Amino acid sequence: MSGTVVFKGVTFSPDVAPLVPRMALVNDHRESLQRLEDTWGQLGLLAQMTGSGTSIAATGAKFHALTGVLLDALAQRLRQDALRSARAKAQTLVDLLVRNLFERTADVGFLALDDALVSAAASTEIDATQATALHNHLNSYQAKYSVYDDILLLAADGSARVRLRQDAPVQADAGLAQAALRNEAPYLERFGPSPLLGGQDGLLFCAPVRTPGGHAAAVLCLSFALQNEMASIFAALSAGDETSVLLLLDAQRTVVASSDVHQVGLGVVLPTPRPGGTTLRFAGREYLTVQANSDGYQGYVGLGWAGCVLVPLDVAFDGSTAPMSMPKKDIGARLSAGNSLFGEALRTIPIQAKGIQRGLERLVWNGQLRLRKEDGGDASGTGFANVLLERVTATGRRISQVFEAAIEQLQQSAEASVIDEVRACAALGSDILDRSFYERANDCRWWALDETLRAAARDRTPAACAQASKVLAHINGLYTVYAQILLLDEHGKVLACSRTPQEGTVATPWMSAAALLRDESAYVRAAFGPSPFYDGRGTSIFAAHAHTGTGRGGTVATVFDSAVQMEAMLRDVLPRDAAGAPLPGALALFLTRNGTVVASTDARWQAGDEAPLRQRCESLARGASSGALVELGGVLHAAGIAMTGGYREYDSAGSCGPDDMACLVLSALGEVAADEAGALPVRFAPAPDTHAPRDDERIGFASVRLGPQWLGLATAQVVEAIEAPPSAAGEGRGGIVIHDDRALAVIDLHRPGRDMGRETGGVTARRDALLVVCEDANQRRVVLRVDELGPVFDVPRSALRPLPPGLEARDPLATALVDGGEGPMLTVIDIDALHAIGRAAARS
């Protein structure tokens, strides 16, 4: 195989070969299989004395070839799962940050219009009383928007005229101030060391503050608490993973934030990955690495930062060795062919392994049959050869068991990986929703402090209300996530609005609750539901009271554009392929705790509908998530669900309630395979013949299974078992097969309405069935299609039991019965009668 690498006798693909020494699971299976291959080689040498050595060696070569395919597939899966998990964290890391920073661009633009700041910018001097009032004003803002660790108002020379953090050193930054004043964009975003921050790195959002005449007289700077925010993101993404290092990198790969500064410190430049892009060496340690860039949010891309995850190679695949709980039914059996969960190798390896094992069983069966025929039907003189064949069978079964265990772990790994992916997507969706609602709660409370809005709530004159509408329209232009922003009186009458004028009075419970608020830090969140302010569609409304000091105030209400914004959130969290496109059949929904759909990416579930898997919401704790495989409409899905749990001060300490929301993500894996009609019957084993007389004649039989029934064929009349070629497959007559240059009729007794295997009793005939070539007393051959080969054995003639009354008339092939002890009974059939059926079939 071109471009492959051999590691300890096994061929691996070049992308996984360097990682294999770190994969304990792969090496455990490799060592087990290589020990068995050594045993197999010894058995092959011994088998030369029986004439079966060549066939045994050929079977061993097939096992060895498949071993390489299996171990390479297992290594590929472990690598893929580790990279997928790391990639999801890296992408989530940067996407959450970009969404957060997008909100900051609106904040600085709106706060720069604040009356108190405009007044301060227009003043030549700020006395102590004004400074105290401004400081309190800024402190009130920061109490609501806790993502900021400092707020400054700079003069044109970069000196701080007012500052929230009075304990910080006061140094001017003329360059920043001039850049912000000359900037033509609505805001200036800058990261790096700044004199304003004592020379420390910081992320500043700046906007000019203009006097009433339009002169840019000062600069507002909002210092975003980047390290604090990143610590929160890192903690959420690192839960249960103490070894990975999560990083925020700039365009030059300089570390901006790190989840573990002891492994990777701030300000260091991370080396580029090795060719292949998934491993690197840093500070003497090898890492698996993944980097993800953000596509931006509503046109905002930030400073071009990237999320990066480093997983130490010495522990990158440790999780793969942990035991997994087995599903109720093997996932490989639950999915039809062509599913998206398993790659081609994972779909074909079990088939190939079973094919090799069946070929081995056929080889041993034929060998036992030949030995008995060569010894005149007596097995007493073939002890060594029989023991050898039994050892070959046992070793082959042990190899198959190792294959089955590895395949099972491959399938479980694939299952766990895809479930973890959708669970992480759902957790991201609920986190995004929490963060969005945090902003909504802050917005309404801060805007309720606006003097223009308070004046309109107090005076309620047409001029005051018109001015308030202008302010609301400006705000809505900056904060585009809202369909409408309203100023209401205590009766629900609209005093001012940002967009479409609202007529009349609307009374709702949330309005009454908002009108009663007396604390400017308090707010009301209306339960999700239809609203006249949103054309009767379902939405979330946040409201705060605008206090006027006169006993007559108003309510500032923000109407979230739920249909657009929540669907956009859901589309952003859909699981994606390597090219970044949503996976086919993937969908996401927001739903209430009682299981009502709030938003959906799939037209089958509209807002207000009953959600799938609604029962999983009822007991899910706040902030918790889970995943599972579920069947919906005949399709198996990986399902992840996560309940909102709040963000920072917003809703973080609340208990479970009806207002909680969950994100549900479903990824279609493939159609559910039709259930087999029943389990395979118990294997036949002849009962011990301890009571038979020593001089009793012994008769040899080769056992086969048709459907649920075991049949016995006289060994003297059985030529051999062969594989069924495609041309012999069929129903009823069974077709024709060429054997030893002779065209032989194939008898297929898998037909309804007949006994003895013709009526399968719930066991479907296998498509990979075997053919047994039989020969009657006149050396005329016929072929019987069977499902399984059983033991080749002999019993005393006295052990043959006569047919029960009526069976002979119903089935002319049956001649006697053999007791199977605690297992099934075997029916001896007449080969001559079978040949007669074959001739009749050929004539018809």
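Quick note: structure is the one above.
Let me sum up the structure you'll find in this document.

Conventions used here
Residues numbered from 1 in each chain as written. Predicted model: local features only at pLDDT ≥ 70, side-chain atom pairs only at ≥ 80, totals over all residues. Heavy atoms only, no water. Helix = DSSP H or I, 4+ residues; strand = E, 2+ residues; numbered from the N terminus. Buried < 20%, exposed > 50% of the residue type's maximum accessible area, 1.4 Å probe, protein only. Pairing = 2+ DSSP bridges. Salt bridge = Lys/Arg side-chain N within 4 Å of Asp/Glu carboxyl O. Axes fitted to C-alpha atoms, helices over the stretch in contact; angles between N-to-C directions. 1 Å grid on protein atoms, 1.4 Å probe; cavity = no way out; pocket = protein on both sides within 12 Å on 5 of 7 lines; lining within 4 Å. Points joined across faces, edges and corners; volume = space filled by probe spheres on them. Nonpolar A, V, L, I, M, F, W, Y, C, P; charged D, E, K, R; others polar. Contact = heavy atoms within 4.5 Å.

**Observations concerning unusual backbone geometry**
At R253, a residue that is not glycine, the phi angle is positive and equals roughly 65°. Within the secondary structure, R253 is located in the loop between β8 (245-249) and β9 (255-258). Taking the relative accessible area as the measure of exposure, R253 reaches 12% and is therefore buried. Backbone geometry at Q779 places phi at a positive 60°, although glycine is not the residue there. Take Q779: it is sitting in the loop between β30 (770-775) and β31 (781-786).

**As for the sheet that holds strand β35 (residues 826-829)**
Overall, mixed pairing links the 6 strands, which are arranged β32-β25-β26-β35-β34-β33 in an open sheet. Whereas interior strands pair on both sides, the edge strands pair on one side only; in this sheet they are β32 (788-796) and β33 (800-801). Pairing between strand β25 (residues 698-706) and β32: 7 bridges, direction antiparallel. Of the residues in β32, the one forming a bridge with V704 is L789.

**Topic: the pattern of salt bridges**
Tallied over the entire structure, the rule returns 38 salt bridges. Residues D241 and K89 are paired through a salt bridge, measuring 2.8 Å at the closest nitrogen-oxygen approach. Highlighted residues: D241 in the loop between α6 (226-237) and β8 and K89 in helix α2 (residues 53-111), separated in sequence by 152 residues. The partner of R285 in a salt bridge is D314, and the shortest N-O contact between them spans 3.4 Å. One end of the pair, R285, is in strand β11 (residues 285-293); the other, D314, is in the loop between β12 (306-312) and α7 (331-334), and 29 residues separate them in sequence. With a relative accessible area of 30%, R285 lands in the partly exposed category. Given the relative accessible area of 41%, D314 is considered partly exposed. Via salt bridges that share partners, E229, D431, R435 and R648 belong to a single interconnected network.

**Some thoughts on the sheet that holds β12**
Strand order in the open sheet made by the 5 strands is β9-β8-β12-β11-β10, with antiparallel pairing throughout. Either end of the sheet is taken by a strand with one partner, and the two such strands are β9 and β10 (279-282). Averaged over neighbouring strand pairs, the angle between their axes works out to 35° when direction is ignored. Here β11 runs beside β12; their pairing, made up of 7 bridges, is antiparallel. In the strand pairing of β12, A292 is matched with G307.

**Details of empty space enclosed by the protein**
A full pass over the atoms with the stated rule returns 6 cavities of 30 Å³ or more. A volume near 150 Å³ is recorded for the largest cavity. Taken together, 15 residues make up the lining of the largest cavity; nearest its centre are R99, E103, I432, R435 and S436. Taken together, the elements giving at least two residues each to the lining of the largest cavity come down to α2, α9 (383-447) and α13 (562-572). Here the lining of the largest cavity gets 5 residues from one element, more than from any other, and that element is α9. Each residue belonging to the lining of the largest cavity can be placed in one class, and the counts come to 7 nonpolar, 3 polar and 5 charged. Surrounding the second largest cavity, V94, L97, V98, L101, Y300, V301, G302, L303, G304 and W305 form its lining. Looking at the lining of the second largest cavity residue by residue, the class counts come to 8 nonpolar, 2 polar and no charged.

**Some words on the environment of M230**
Tracing the backbone through its elements, the reader meets M230 in helix α6. The exposure class of M230 is buried, given its relative accessible area of 0%. Residues M230 and L93, 137 residues apart in the sequence, show an inter-C-alpha distance of 8.3 Å. The residues touching M230, leaving out its near neighbours within four places in the chain, are L93, L97, L248 and A257.

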